[in-house]
Amino acid sequence: MSFHKTLKKMASINITLRSKPNKKNEFPVILRIVKDRKSKLISLGMLCEKEDWDSKKNEFKKTYANASQRNRVLLKLQEKALKIIDEFALDDIDFTLNQFETKFRGRKSSSVTVSEFWKEKINDFIKAGRIGNSKPYKDTYNSFFKFHKNKNIVFREVTPAFLDKYETFLRSNNNSNGGIGIKMRTIRALYNYAIKSGIVDEKYYPFKIYKISKFKAKGVKKALIRDEMKLMEAVDTQKYPHLINTKNYLVFSYYMGGMNFVDMMKLKWDNIQGDRIQYIRSKTKGKFTVKMLEPVKQIIAYYKAQNRPTKYVFPILLKEDLSPVQIDNRKHKTLRRFNKQLKEIAEIQGLEQNVTSYVIRHSFATNLKFAGISTDVIGKSMGHADVSITQAYLKEFKDDIIDDAMSKLLEEPILRYAS
């Protein structure tokens, strides 16, 4: 029988002998797992002399005492290893070699520290190019261990009482409810990963008692009414030429269904198909096809005339083949400038509102609502729950229904705005 199995894009395992013998000239039988070009050797607690090992079949020869019984043990260990890899795949966990060893050996949760597992998770995000996901994990890690100095803490020690004390620490350092909520949700996600990875038993899960729902932001998020949006659109870029891109981005985002800044940044010329723009939203992976309204067509024509040698529509990602880290850094730098200049435009136009990229996105939903468009259609056009509706209950609408709804942005509202 063969004790070698390769799982595509996951890992390979192989039961073999260690290369060096012990003092008695016996070779330890090991399981070698290889993933991402890195390997780990796990001793299986058996010894074998070289002449009693079949290196082609990777099993004990008949000359070895109790060879049949030992080979059955090896087969069970192989099946156990493959089952662990399959479970990681089913749970969509990009596991590390240490995580695999933990589940294979059945080590107790006390043997894996929160710090060790946390760092591995951050590295997993970075290796996968998910830089944005890694940042809250990094920030929360630094905050967590500023509060709790001992990095040998294990998951079962993160109790509801522990989280209460951490919350008190955060409040004493002037963290807002929103900031505390982000950190606690990050810890909760990490704990769930640890349970799935076999690091800690579910019975220790502290979030059955410690509730994060209390950190939900209260109050209505602000948005610009239609007249205020018109003022933002009307900023004189001949007088303020440094604001031309920011004006274009805000107009484009608004008339493209409140398109997220990241999706604008990554938008390519290939996404433009006739009079529609087709793209996949980075956050939700939802597919969108949006008809271009006249303001959008004018902006597209403006950037098309620049004839830049990149595949991107907007002058944000200026080079090809940027690494995930470079793209993330560029996003933060440009988004910071975008939000700063949105405030500048608001001030120039006499608006007291604190305008941000999110406010522009939320304004799209608000103005459609006051134009008499149903919440279902708004939710479908945005692919998000900004208007108090969940994606699970959204109906399917044909493109022409959404197109007609978005054209209302160019018309006057049929309802009065709330003050």
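Residues numbered from 1 in each chain as written. Predicted model: local features only at pLDDT ≥ 70, side-chain atom pairs only at ≥ 80, totals over all residues. Heavy atoms only, no water.

Caption draft 1: Main features of the pairing of strand E3 (residues 27-35). The buried fraction of E3 amounts to seven of the nine residues, a majority that puts the element mostly inside the structure. Bridging between strand E2 (residues 11-17) and E3 involves six bridges; their strand directions are antiparallel. Note that in E3 the partner of Ser12 across the bridge is Val34. Looking at chain direction, E3 and strand E4 (residues 38-48) are connected through nine bridges and run antiparallel. If you follow Leu31 over to E4, its bridge partner there is Ile42. A loop of two residues connects E3 with E4, the two strands running antiparallel in sequence, and Asp36 in this loop sits at a positive phi of about 55°. (Buried < 20%, exposed > 50% of the residue type's maximum accessible area, 1.4 Å probe, protein only. Helix = DSSP H or I, 4+ residues; strand = E, 2+ residues; numbered from the N terminus. Pairing = 2+ DSSP bridges.)

Caption draft 2: Looking closely at the side chain of Thr16. Relative to the assigned elements, Thr16 resides in strand E2. Ignoring anything within four residues of it in the chain, the contact list for Thr16 reads Pro28, Val29, Ile30, Arg32, Trp53 and Asn58. (Contact = heavy atoms within 4.5 Å.)

Caption draft 3: Fine view of the pattern of salt bridges. A full pass over the atoms with the stated rule returns six salt bridges. Close ionic contact of Asp36 with Lys35 constitutes a salt bridge, the shortest N to O distance being 3.0 Å. What makes Asp36 partly exposed here is its relative accessible area of 48%. Note on Lys35: relative accessible area 5%, which makes it buried. Between Lys331 and Asp328 there is a salt bridge; the shortest N-O distance is 3.6 Å. (Salt bridge = Lys/Arg side-chain N within 4 Å of Asp/Glu carboxyl O.)

Caption draft 4: Up close: the environment of Leu31. With respect to the secondary-structure elements, Leu31 resides in strand E3. Linking Leu31 and Arg18, residues 13 residues apart in sequence, is a C-alpha distance of 9.1 Å. Ignoring anything within four residues of it in the chain, the contact list for Leu31 reads Ile13, Asn14, Ile15, Lys40, Leu41, Ile42, Leu44, Ala81, Phe100 and Phe104.

Caption draft 5: Up close: the side chain of Asn14. With respect to the helices and strands, Asn14 occurs in strand E2. Of note is the side chain of Asn14, whose polar atom sits 2.8 Å from the side chain of Asn58. (Polar contact = N/O pair within 3.5 Å; in protein donor to acceptor, adjacent residues only side chain to side chain.)

Caption draft 6: Representation of helix H11 (residues 324-348) in the model. Across its 25 residues, H11 extends 36 Å between first and last C-alpha, which sits within 8% of the 36 Å expected from 1.5 Å per residue. Along H11, the positions that sit buried rather than exposed are Ile327, Asp328, Lys331, Thr334, Phe338, Asn339, Gln341, Leu342, Ile345 and Ala346. A positive phi of about 80° marks Gly350, the residue just after H11. (Expected span 1.5 Å × (residues − 1).)

Caption draft 7: Broad picture of the packing of aromatic side chains. All told, the structure shown has 28 aromatic pairs when counted by the stated rule. A centroid spacing of 5.0 Å and a plane angle of 75° characterise the contact between Phe144 and Phe145, whose relative ring orientation is edge-to-face. Residue classification places Phe145 among the buried residues on the basis of a relative accessible area of 8%. Ring centres of Phe144 and Tyr166 lie 5.6 Å apart, and the angle between their planes is 65°; on these two criteria the pair is classed as edge-to-face. Of this pair, Phe144 sits in helix H4 (residues 131-147) while Tyr166 is found in helix H5 (residues 160-172), placing the two residues 22 residues apart along the sequence. Classification of Tyr166 by relative accessible area gives buried; the value is 0%. Here the aromatic cluster, defined as three or more aromatic residues joined through ring pairs, consists of Trp118, Tyr141, Phe144, Phe145, Phe147, Phe162, Tyr166 and Phe169. A cation over an aromatic ring shows up here: Lys50 above the ring of Phe27, its NZ or CZ 4.8 Å from the ring centre. Lys151 extends its terminal NZ or CZ atom over the ring of Phe145, reaching a point 5.9 Å from the ring centre. (Phe/Tyr/Trp six-rings, centres within 6.5 Å; stacked < 30°, edge-to-face > 60°. Lys NZ or Arg CZ within 6 Å of the ring centre and 35° of its normal.)

Caption draft 8: Focus on the sheet that holds strand E8 (residues 276-280). Spatial strand order, E7-E8-E9: three strands in an open sheet with antiparallel pairing. One side of each edge strand has no neighbouring strand; the edge strands of this open sheet are strand E7 (272-273) and strand E9 (287-291). Examined bridge by bridge, E8 and E9 share five bridges and lie antiparallel to one another. In the sheet register, Tyr279 faces E9, and the bridge partner there is Phe288.

Caption draft 9: Inspection of unusual backbone geometry at higher detail. Phi angles above zero are rare outside glycine, and Arg37 is one such case at about 65°. By secondary structure assignment, the location of Arg37 is in the loop between E3 and E4.

Caption draft 10: Seen up close, the confidence of the model for the protein. With 82% of its residues at a pLDDT of 70 or more, the protein shows a mean pLDDT of 81. In this model, residues 1-9 is a region of pLDDT below 50 whose contacts with residues beyond four sequence positions or in other chains number 30 contacts. Every residue in residues 384-399 is under pLDDT 50, and counting partners more than four places away or in other chains gives 31 contacts. (pLDDT = per-residue confidence, 0-100.)

Caption draft 11: Up close: the pairing of E8. Examined bridge by bridge, E7 and E8 share two bridges and lie antiparallel to one another. Its bridge partner lying in E8, Ile272 is registered against Ile277. In this antiparallel pair of consecutive strands, E7 and E8, the connection spans two residues, and Gly274 shows a positive phi of 65°. Linking two consecutive strands that pair antiparallel, namely E8 and E9, is a turn of six residues; a positive phi of about 65° is found at Lys285 within it.

Caption draft 12: The packing of H4 against helix H6 (residues 177-196), seen in detail. Contact pair H4 / H6: the axes reach a minimum separation of 9 Å and the direction vectors enclose 100°. The angle between the axes of H4 and H6 places the two elements in the roughly perpendicular class. In this structure, H4 uses Pro136, Tyr137, Thr140, Ser143 and Phe144 to contact H6, whose residues at the interface are Lys183, Thr186, Ile187, Ala189, Leu190 and Tyr193. The residue makeup of the contact of H4 with H6, split by class, is seven nonpolar, three polar and one charged. (Axes fitted to C-alpha atoms, helices over the stretch in contact; angles between N-to-C directions. Parallel < 35°, antiparallel > 145°, perpendicular 65-115°, else oblique. Nonpolar A, V, L, I, M, F, W, Y, C, P; charged D, E, K, R; others polar.)

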